[in-house]
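The primary structure of each chain is shown beneath.
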Amino acid sequence: MAILNEILSFNEKFVANKEYEKYETTKYPEKKLVIISCMDTRLTELLPQAMNVKNGDVKIIKTAGAIIAHPFGSVMRSILVAIYALKASEVCVIGHHDCGMSAMNPDDFMEKMKGKGITEETLNTLKYSGMDLNQWLRGFDKVEDAVESSVNLVKHHPLLPESVPVHGLVIDPETGKLDVVIDGYKNNG
């Protein structure tokens, strides 16, 4: 069975049995926190459990490597929406050990793209249009440095209120142990 058909079949039963009722909450995060974390599948359930958050407690934004790549991209916009429209008052960037973005090689990545049908011509068009794919697809060597970089981008954003603490953590995807990279309370202001 195709994945979408499997999902829709399950969903029909989910709605009919009113299983959604146990997840009812508002759009406002109870703990007033917005989390930027990696999209790694190991964190889907582990991260909320390790942080003692449940449905309705926080806003979670997932991106490869928990990297905020552009100060005016969709991740930063989502953070600002969470703060200004949805009553979040703190931000937490959470990277993890053994991340797929660590030491990602752009050349290898582009070879995989070519293997899936992306032409050299397309890559050259992007290159000659000013898109630096090597920079855009580059990973990181040390997760703590990547977290610090994303925290700094958020903390120093011109549209972020100075009063908003921005924390940086790293989680162990096996145990759920959280290590502080940046304590936003100490670095606030």
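Conventions we followed
Residues numbered from 1 in each chain as written. Predicted model: local features only at pLDDT ≥ 70, side-chain atom pairs only at ≥ 80, totals over all residues. Heavy atoms only, no water. Helix = DSSP H or I, 4+ residues; strand = E, 2+ residues; numbered from the N terminus. Buried < 20%, exposed > 50% of the residue type's maximum accessible area, 1.4 Å probe, protein only. Contact = heavy atoms within 4.5 Å. Areas by Shrake-Rupley, 256 points an atom, 1.4 Å probe, with all protein chains shown as cover. Lys, Arg positive; Asp, Glu negative; His and termini not counted. Charge placed at Lys NZ, Arg CZ, Asp CG, Glu CD. Salt bridge = Lys/Arg side-chain N within 4 Å of Asp/Glu carboxyl O. Expected span 1.5 Å × (residues − 1). Arc of directions from axis to C-beta. Core = buried A, V, L, I, M, F, W, Y, C linked by side-chain atoms within 4.5 Å. Patch = residues over 30% accessible without salt bridge, like charges linked within 9 Å, V, L, I, M, F, W, Y side chains within 5 Å. Phe/Tyr/Trp six-rings, centres within 6.5 Å; stacked < 30°, edge-to-face > 60°. Polar contact = N/O pair within 3.5 Å; in protein donor to acceptor, adjacent residues only side chain to side chain.

Visitor: Describe the overall build of the protein, naming the residues involved and giving the relevant values.
Guide: Along the backbone of the protein there are seven helices and five strands. N-terminal to C-terminal, the α/β element order of the protein is α-β-α-β-α-β-α-α-α-α-β-β. In terms of its C-alpha atoms, the protein occupies a principal-axis envelope of roughly 55 × 50 × 35 Å. Expressed as a percentage of its 189 residues, the buried residues of the protein come to 37%. Nonlocal contacts in the protein, meaning residues at least 24 apart in sequence, comprise 74% of its contacts between residues at least 6 apart. Looking at the protein as shown, the accessible area adds up to about 12,100 Å², and 53% of this sits on carbon and sulfur atoms. Taken together, the 21 basic and 26 acidic charged side chains of the protein have centroids lying 6 Å from each other.

Visitor: Before we move on, can you summarise the pattern of salt bridges with the specific residues and values?
Guide: Per the counting criterion, the structure on display carries seven salt bridges. Among the salt bridges present, the one from glutamate 120 reaches lysine 114, with a minimum N-O distance of 2.5 Å. For lysine 114, a relative accessible area of 28% gives the class partly exposed. Counted as one network, the salt bridges with shared partners bring together Lys31, Lys54 and Asp57.

Visitor: If you had to explain helix H7 (residues 143-155) to someone new, which residues and values would you point to?
Guide: Its 13 residues give H7 an end-to-end C-alpha distance of 18 Å, which sits within 8% of 18 Å, the value for a rise of 1.5 Å per residue. Inspection of H7 places Val143, Ala146, Val147, Ser150, Val151, Val154 and Lys155 among the buried residues, and these make up the whole buried set. Each buried residue of H7 sits inside an arc of 165° when the element is viewed along its axis, so together they form one side. In this structure, the buried side of H7 is in contact with helix H3 (74-84), strand S3 (90-96), strand S4 (166-171) and strand S5 (178-182).

Visitor: Break down the nonpolar core for me, with residues and values.
Guide: Membership of the largest hydrophobic core comes to 44 residues, with the highest contact counts inside it found for Ile35, Ile36, Ile79, Val91, Ile94 and Val154. Residue assignment for this core shows that the elements contributing at least two residues are strand S1 (33-38), helix H2 (43-51), strand S2 (58-63), H3, S3, H7 and S4. Of the residues forming this core, the biggest block, six residues, is contributed by H3. The residues touching valine 154, leaving out its near neighbours within four places in the chain, are Ile68, Met76, Ile79, Val91, Leu160 and Val166.

Visitor: So what's going on with a nonpolar patch on the surface? Which residues, and what values?
Guide: Together, Ile3, Leu4, Ile7 and Leu8 make up a nonpolar patch on the protein surface, roughly 430 Å² of accessible area in all. Relative to the elements of secondary structure, isoleucine 7 occurs in helix H1 (residues 3-16).

Visitor: Would you mind going over the packing of aromatic side chains in detail, with residue names and values included?
Guide: In the structure shown here, the tally under the stated rule is two aromatic pairs. Cluster of aromatic residues (ring-pair linked, three or more members): Phe10, Phe14 and Tyr23.

Visitor: Give a description of the side chain of glutamate 90 that names residues and reports values.
Guide: Note that glutamate 90 resides in strand S3. Engagement of the side chain of glutamate 90 in a polar contact is seen with the side chain of tyrosine 185, the distance being 2.8 Å. Ignoring anything within four residues of it in the chain, the contact list for glutamate 90 reads Lys32, Leu33, Val34, Val164, Pro165, His167 and Tyr185.

Visitor: So what's going on with the environment of proline 48? Residues and values would help.
Guide: Relative to the helices and strands, proline 48 is located in helix H2. Residue classification places proline 48 among the buried residues on the basis of a relative accessible area of 17%. With 22 residues separating them along the chain, proline 48 and histidine 70 place their C-alpha atoms 26 Å apart. Apart from residues lying up to four places away in sequence, proline 48 is in contact with Leu43 and Val53.

Visitor: Requested: an account of unusual backbone geometry, with residues and values cited.
Guide: Phi at asparagine 52 is positive, roughly 60°, even though this residue is not glycine. Following the sequence through the fold, asparagine 52 ends up in the loop between H2 and S2. Relative accessible area serves as the criterion here: at 60%, asparagine 52 is assigned to the exposed category.

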